[in-house]
Amino acid sequence: MRVRVLAFARLRELLASGELTLELTSGARVSDAWQMLAGRHAALEHLANSTRFARNGQIVPSDAPLADGDEIALLPPVGGG
Amino acid sequence: MVERTSSARLSPRALRRYSRHLLIPEVGLAGQERLAAARVLVVGAGGLGSPALQYLAAAGVGRIGVIDDDSVDETNLQRQTIFSGSDVGRNKAVAAAERLRSLNPLIAIDALPLRFGADNARDLVRLYDAVLDCTDRFPTRYLISDACVLERKPDVYGSIFRFDGQVSIFGAESGPCYRCLYPEAPPPGSVPSCAEGGVLGALAGIIGTWQASEALKLLLGIGEPLIGRLMLVDTLGANVRTVRFDRDPGCTACGVRPTIGRRPLLVSDEEPSTSDVPEVEADALDEVLRDAFLLDVREPHEAVLGSLEGAVQIPASQLEGRMHELDSARSYVVACRVGVKSLWAVARLREAGFTRLQHLQGGLLAYAARHAEFDFF
Ligand SMILES: [Zn+2]
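Residues numbered from 1 in each chain as written. Chains lettered and ligands numbered in written order. Predicted model: local features only at pLDDT ≥ 70, side-chain atom pairs only at ≥ 80, totals over all residues. Heavy atoms only, no water.

### Re the overall build of chain B
Next up, step 1: Assigned secondary structure in chain B consists of 15 helices and 13 strands.
Next up, step 2: Its C-alpha atoms give chain B a radius of gyration of 22 Å, near enough to 21 Å, the size a compact globule of 377 residues would have.
Next up, step 3: Seen along its three principal axes, the alpha-carbon backbone of chain B occupies a region of about 75 × 65 × 45 Å.
Next up, step 4: Expressed as a percentage of the 377 residues in chain B, the buried residues total 54%.
Next up, step 5: Across chain B, the fraction of contacts at a sequence separation of at least 24, relative to all contacts at a separation of at least 6, is 66%.
Next up, step 6: For chain B, the computed accessible surface area is about 16900 Å², with 50% contributed by carbon and sulfur atoms.
Next up, step 7: Across chain B, the centroid of the 41 positively charged side chains sits 4 Å from that of the 48 negatively charged ones. (Helix = DSSP H or I, 4+ residues; strand = E, 2+ residues; numbered from the N terminus. Rg over C-alpha atoms; globule rule 2.2 N^0.38 Å. Buried < 20%, exposed > 50% of the residue type's maximum accessible area, 1.4 Å probe, protein only. Contact = heavy atoms within 4.5 Å. Areas by Shrake-Rupley, 256 points an atom, 1.4 Å probe, with all protein chains shown as cover. Lys, Arg positive; Asp, Glu negative; His and termini not counted. Charge placed at Lys NZ, Arg CZ, Asp CG, Glu CD.)

### So, helix α7 (residues 138-151) of chain B
One turn of an α-helix holds 3.6 residues; hence residues three or four places apart share an orientation.
Residues and elements named next belong to chain B.
Next up, step 1: For α7, built from 14 residues, the straight-helix expectation of 20 Å at 1.5 Å per residue is met to within 8% by its first-to-last C-alpha distance of 20 Å.
Next up, step 2: Of all 14 residues making up α7, 13 are buried, and the element is well covered by its neighbours.
Next up, step 3: Where α7 terminates, the next one or two residues include Arg 152, which has phi positive at roughly 55°. (Expected span 1.5 Å × (residues − 1).)

### Examining the interface of chain B and chain A
Next up, step 1: On the chain A side, the residues contacting the 36 residues of chain B number 23 residues.
Next up, step 2: Regarding the contact of chain B and chain A, the summed buried area is about 2400 Å², with carbon and sulfur atoms giving 56% of it.
Next up, step 3: The largest per-residue losses of area from chain B upon contact with chain A belong to B:Asp164, B:Tyr182 and B:Arg244, which jointly make up 22% of the total buried on that side.
Next up, step 4: Note that A:Arg12 is salt-bridged to B:Asp234, the shortest N-O span being 3.3 Å.
Next up, step 5: Joining chain B to chain A, the criterion identifies 18 residue pairs in polar contact (both at pLDDT 80 or more).
Next up, step 6: Sorting the residues of the side of chain B that touches chain A by element identifies α7, β5 (155-161), β6 (164-170), α8 (178-181), β7 (229-234) and β8 (239-244) of chain B as the ones contributing at least two each.
Next up, step 7: Considering each element in turn, the side of chain B that touches chain A owes the most residues, five residues, to β5(B).
Next up, step 8: Of the residues assigned to the side of chain B that touches chain A, the class counts are 19 nonpolar, seven polar and ten charged. (Buried area = accessible area lost by both parts, 1.4 Å probe. Salt bridge = Lys/Arg side-chain N within 4 Å of Asp/Glu carboxyl O. Polar contact = N/O pair within 3.5 Å; in protein donor to acceptor, adjacent residues only side chain to side chain. Nonpolar A, V, L, I, M, F, W, Y, C, P; charged D, E, K, R; others polar.)

### Quick look at the nonpolar core
Next up, step 1: Formed by 51 residues in total, the largest nonpolar core has its most connected members in B:Leu53, B:Leu56, B:Ile64 and B:Leu132.
Next up, step 2: Element by element, the count of residues in this core is highest for helix α10 (residues 201-220) of chain B, at eight residues.
Next up, step 3: In this structure, B:Leu132 is in contact with B:Val40, B:Leu41, B:Val42, B:Val43, B:Ala52, B:Leu56, B:Val156, B:Gln211, B:Ala212 and B:Ala215, ignoring residues within four places of it in sequence.
Next up, step 4: Grouped together as the second largest cluster of nonpolar side chains are 49 residues, A:Leu75, B:Tyr182, B:Val191 and B:Cys254 included. (Core = buried A, V, L, I, M, F, W, Y, C linked by side-chain atoms within 4.5 Å.)

### Brief notes about unusual backbone geometry
Outside of glycine, negative phi angles account for most residues, and trans bonds account for most peptide bonds.
All names here are of chain B.
Next up, step 1: One non-glycine residue, Arg 152, lies in positive phi territory at about 55°.
Next up, step 2: Residue position: Arg 152 is located in the loop between α7 and β5.
Next up, step 3: Within the chain, Arg 162 stands out as a residue other than glycine whose phi angle is a positive 55°.
Next up, step 4: Of note, Arg 162 is situated in the loop between β5 and β6.

### Digging into the coordination of the zinc ion
Residue and element names in this part refer to chain B.
Next up, step 1: At 2.2 to 2.3 Å from the zinc ion lie its protein donor atoms, namely Cys 177 (SG), Cys 180 (SG), Cys 251 (SG) and Cys 254 (SG).
Next up, step 2: Considering all four donor atoms around the zinc ion, the spread of angles at the metal, 90 to 122°, places the coordination shape in the tetrahedral class.
Next up, step 3: Mapped onto the sequence, the donors of the zinc ion take the spacing C-x2-C-x70-C-x2-C. Pair noted here: Cys 177 is in the loop between β6 and α8 and Cys 254 is in the loop between β8 and β9 (279-280), with a separation of 77 residues, a long-range link. (Donors = N, O, S within 2.8 Å, 3.2 Å for Na, K, Ca; no water. Tetrahedral: all angles 85-135°; square planar, octahedral: opposite > 155°, others 65-115°.)

### Observations concerning the side chain of B:Asn91
Residues and elements named next belong to chain B.
Next up, step 1: Note on placement: Asn 91 falls in the loop between β2 (63-67) and α5 (92-103).
Next up, step 2: Here the side chain of Asn 91 touches Asp 68 through a polar contact of 3.1 Å, landing on its backbone oxygen.
Next up, step 3: At 2.9 Å, the side chain of Asn 91 forms a polar contact with the backbone nitrogen of Val 94.
Next up, step 4: Beyond its immediate sequence surroundings of up to four residues, Asn 91 is in contact with Asp 68, Asp 69, Asp 70, Ser 71 and Pro 113.

### Details of the packing of helix α4 (residues 49-59) of chain B against α5(B)
All names here are of chain B.
Next up, step 1: At their nearest, the axes of α4 and α5 sit 9 Å apart, and the two run at 30° to each other. In terms of orientation, α4 and α5 fall into the roughly parallel class. Considering only the axes of α4 and α5, their crossing is right-handed. Contacts between α4 and α5 involve Leu 53, Gln 54, Ala 57 and Ala 58 from the first element and Ala 96, Arg 99, Leu 100 and Leu 103 from the second. (Axes fitted to C-alpha atoms, helices over the stretch in contact; angles between N-to-C directions. Parallel < 35°, antiparallel > 145°, perpendicular 65-115°, else oblique. Left-handed = near helix turned anticlockwise from the far one by under 90°.)

### A look at the pattern of salt bridges
Residue and element names in this part refer to chain B.
Next up, step 1: Applying the stated rule across the entire model yields 22 salt bridges over all chains.
Next up, step 2: For Asp 146, the salt bridge goes to Arg 179, with nearest N and O atoms at 2.7 Å. With a gap of 33 residues between them, Asp 146 in helix α7 and Arg 179 in helix α8 connect regions that are remote in the sequence.

If you want it as structure tokens, here you go:
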């Protein structure tokens, strides 16, 4: 199945893109999408615990299941002011 | 015949100044009067605080507190538009307050050149109707959210990084808090601040202005506030999205079994519970002082912030040695900064035979928060 990933703030920079598509096996969860990206970009590791995920516009836990066509937004904390 | 709008709370001059608000049905005279009666605390007078403070002041919010212990640096001027070059080196709260007073002399500004910390968070939040989180430090963001949850005040949150911004409202009734969204702070150094990573100046203007707009909506009770929604502003892609999030039953601050505030993190938890000492409410102090003296027991470092005319000043730490300066036949209203030490002082005075004692509930901070003409800080 295919999911669309939107990356924000620091993660957009680390992934060098604000939007990408991932091919995942059926039954994959949000955390599997993150693991796939973290495998490609080691720098994601230090944001692993603090990043939240929105699936189709709703923040969900990282073990939430994914379905074909879902959109995941990766939301690292932003602290500047 | 011309009918003129009149208002018990707003002068003709104020009605003219705010006329473009009065023309909006959602605001109108009643809304403008609500704003005039409202008190807002802005934590951080930096990139977000600059626009937020200016729009809140211009809008006629009756009392605005601005707290910041930092001073203006030349590198701030790229985005912190409340300051001018001549402010470099001055405390931000003091410089911002000066600018706001000239922008709108009809409102009161509390300049607080302090750090918003665990020792004063709840006492300060309690004095205002809403708080704007315009800080640039994660620990302070958690502290603001926790204090707002405990004091049941809305926390209008904004944050920025380079081209990306976030806005939301935490701590509102039945709404989630900052810890529901981000339960734990990122490891130090993993998320750069504006000073480390840089920021597009105009983004600070967008996000701080949006915070002001959300705060005004809350105060007016109009529209759909960003409660349980996180707004994501991406200036590079020119996209604005919102995602929904819920209160987390396991949240350590606002969940089913909260742990925050149950330990002595914040000083207010240590307040004496109840007492039989007659209390004077801040609103009634002026009246009571016609027949009584104010005994101000703040320490000298607290009293430099300002004091009431005619008050007898004896710091609590010197009270036992200086009681002879007081007359037990007289009535005293004992006051400290927040109304905790004053209870202790009343107990000592009673032991010494004083009987005509009252204590100022909420301390001089509470009094200052209710008196527009009194720039106590
Ligand atoms: Zn919470």
